[in-house]
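# Report on the structure
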Amino acid sequence: MKVLVIGGGGREHAMAWRVAQDPGVDAVYCVPGNGGAAADVSCIPGNILNPEEIASLAETLGVDCTVVGPEAPLVAGVADEFVSRGLAVVGPSRSAAQLEGSKVFSKRFLDECGLPTAAAAVLENESDVNATVGRFGYPVALKADGLAAGKGVVIARDEAEARSSARAMLGGDLVGDAGRRIVVEQFLEGEEVSFMVLTDGNAFCVLPATQDHKRALDGDRGPNTGGMGAYCDDSILSNAAREGIIERIIEPSLAGMRRRGTPFRGFLYCGLMVTEDGPQVLEFNVRLGDPETQPILYRLDGGFAELLASASRGALDPTLVTAGPEPTACVVMASGGYPGKYETGEPIEGLQAAGRLGAKVFHAGTRIAGGRIVTAGGRVLGVTARGKGLDEALANAYKSVDVIDFTGVHYRKDIGSRGLRRLAGGMSG
Ligand code: AMP
Ligand code: GLY
């Protein structure tokens, strides 16, 4: 089997690497990939936002299955182009990708299906702001409607902040056109869980639950990022909680998309807040999470490539993979200044030593320059390891983090600490 992975971040490196581990896979390509993916699979340059170009590339390469990593190509209609040419693809249509492409769409969909989610309203102009922004008390969540690369959510502490953020979003100053409509939403308290499934529209395969770390600094302080690390451990959700999420959120969501005539096919990511009243949907993404994918795929046993192929054929076989027995963890090493401005082109030291210590270093923002691996993005590496318990998985990841260095590097030192506290307390959500 030949597989093509679309995208160039840590998630795509992990997918490409994981597919390449499967017997029966004889070629893996990644467009555009990155400096680290190039060591594991064939990286090819290309414009992933151009559906015709990418579909033609898949035809030229003669691949059996293509999997799309990021949301932007899906919203641009890459999967539609593949389907119209009869090419096998894992990823939703442009219409189904609205679940992530528009917060207004996804909020209305959640309400239409009666799914558990925070009370909310849509703001389109100044008079909506005046009439509605205070309706949910404070703090309050303000969300830009369109894709904003992780920068579209503001948690406002009081009315003054809510009004000024809402105005800045609507005026196009904060996130451009993505903020021309906003969702204002009741603030929820609890623990966040990333819950993902792969579906062919009907059948689905539940991936093990993970927990991301969105804030830049230890102790969940500092600005929001794309994710500074994640871990995959069975303590995150009890079996009963997992079954409840499947029954009350996953199944009705997939049924709702079928009813609308836009069945969802691909990876559906539910960002959940586990509150005192049970899990509530914070957001949908129409793809795997990054960095959650790295610990999930590092843990997954079985034929991941076969699983993708079965989904792309509309005959998903969820028994092809299982969660391995050992928990896994991923620590993101980022450029100094991220998620704000940062330098690139910094040489990275210690990658081979880290690999010898047993961790897998997935590359997110790297490229090869003058025969060396240098930084090329905000999130640079995702150092991923397993262990007999969560504590050992984390220790193994940090052991490898310790031998990697580049100018300005920063990373969180408390990845997995909620999990460790939960295990120490003998509880699971
Ligand atoms: P979203 O893109 O909707 O997931 O929002 C990004 C982040 O903002 C989430 O991961 C949460 O940490 C936070 N967030 C979003 N909505 C809410 C909410 N209603 N209550 C509390 N935190 C929220
Ligand atoms: N790590 C969160 C996301 O992928 O959206």
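Residues numbered from 1 in each chain as written. Chains lettered and ligands numbered in written order. Predicted model: local features only at pLDDT ≥ 70, side-chain atom pairs only at ≥ 80, totals over all residues. Heavy atoms only, no water.

### Brief notes about the sheet that holds strand 3 (residues 42-43)
Sheet architecture is open: five strands sit in the order 3-2-1-4-5, paired in parallel fashion. Since the sheet does not close on itself, it has two edges, and those belong to strand 3 and strand 5 (89-90), each with one partner. Of the strand pairs in this sheet, strand 1 (residues 2-7) and strand 2 (residues 27-32) are connected by six bridges, and their pairing is parallel. Each bridged residue has a counterpart across the sheet, and for Val3 the counterpart in strand 2 is Val28. Sitting on the sheet, helix 1 (residues 10-20) touches strand 1, strand 2 and strand 4 (65-68), and the angle it makes with strand 1 is about 170°. On top of the sheet, helix 3 (residues 51-61) reaches strand 1, strand 2 and strand 4; it is set at about 160° to strand 1, its chief contact. (Pairing = 2+ DSSP bridges. Helix = DSSP H or I, 4+ residues; strand = E, 2+ residues; numbered from the N terminus. Contact = heavy atoms within 4.5 Å. Axes fitted to C-alpha atoms, helices over the stretch in contact; angles between N-to-C directions.)

### Digging into the nonpolar core
Among the nonpolar cores identified, the biggest contains 73 residues, and Leu99, Phe195, Phe284, Leu381 and Ile404 are the most heavily contacted of them. At seven residues, the largest contribution of residues to this core is made by helix 10 (residues 239-259). Ile404 has contacts with Met333, Ile348, Glu349, Gly350, Leu351, Ala354, Val361, Leu381 and Val383, leaving out every residue within four places of it along the chain. (Core = buried A, V, L, I, M, F, W, Y, C linked by side-chain atoms within 4.5 Å. Buried < 20%, exposed > 50% of the residue type's maximum accessible area, 1.4 Å probe, protein only.)

### Concerning the site of ligand 2
In the vicinity of ligand 2, the contacting residues are Asp212, Lys214, Gly226, Tyr269, Asn285, Arg287, Gly289, Asp290, Pro291 and Glu292. At 2.9 Å, a side-chain N or O of Arg287 approaches an oxygen atom of ligand 2. A distance of 2.9 Å is found between a nitrogen atom of ligand 2 and a backbone nitrogen or oxygen belonging to Asp290. Here ligand 2 loses 90% of its free accessible area of 200 Å² to cover by the protein chains. Of the residues contributing to the shell around ligand 2, the split by class is two nonpolar, three polar and five charged. (Near = heavy atom within 4 Å. Polar contact = N/O pair within 3.5 Å; in protein donor to acceptor, adjacent residues only side chain to side chain. Areas by Shrake-Rupley, 256 points an atom, 1.4 Å probe, with all protein chains shown as cover. Nonpolar A, V, L, I, M, F, W, Y, C, P; charged D, E, K, R; others polar.)

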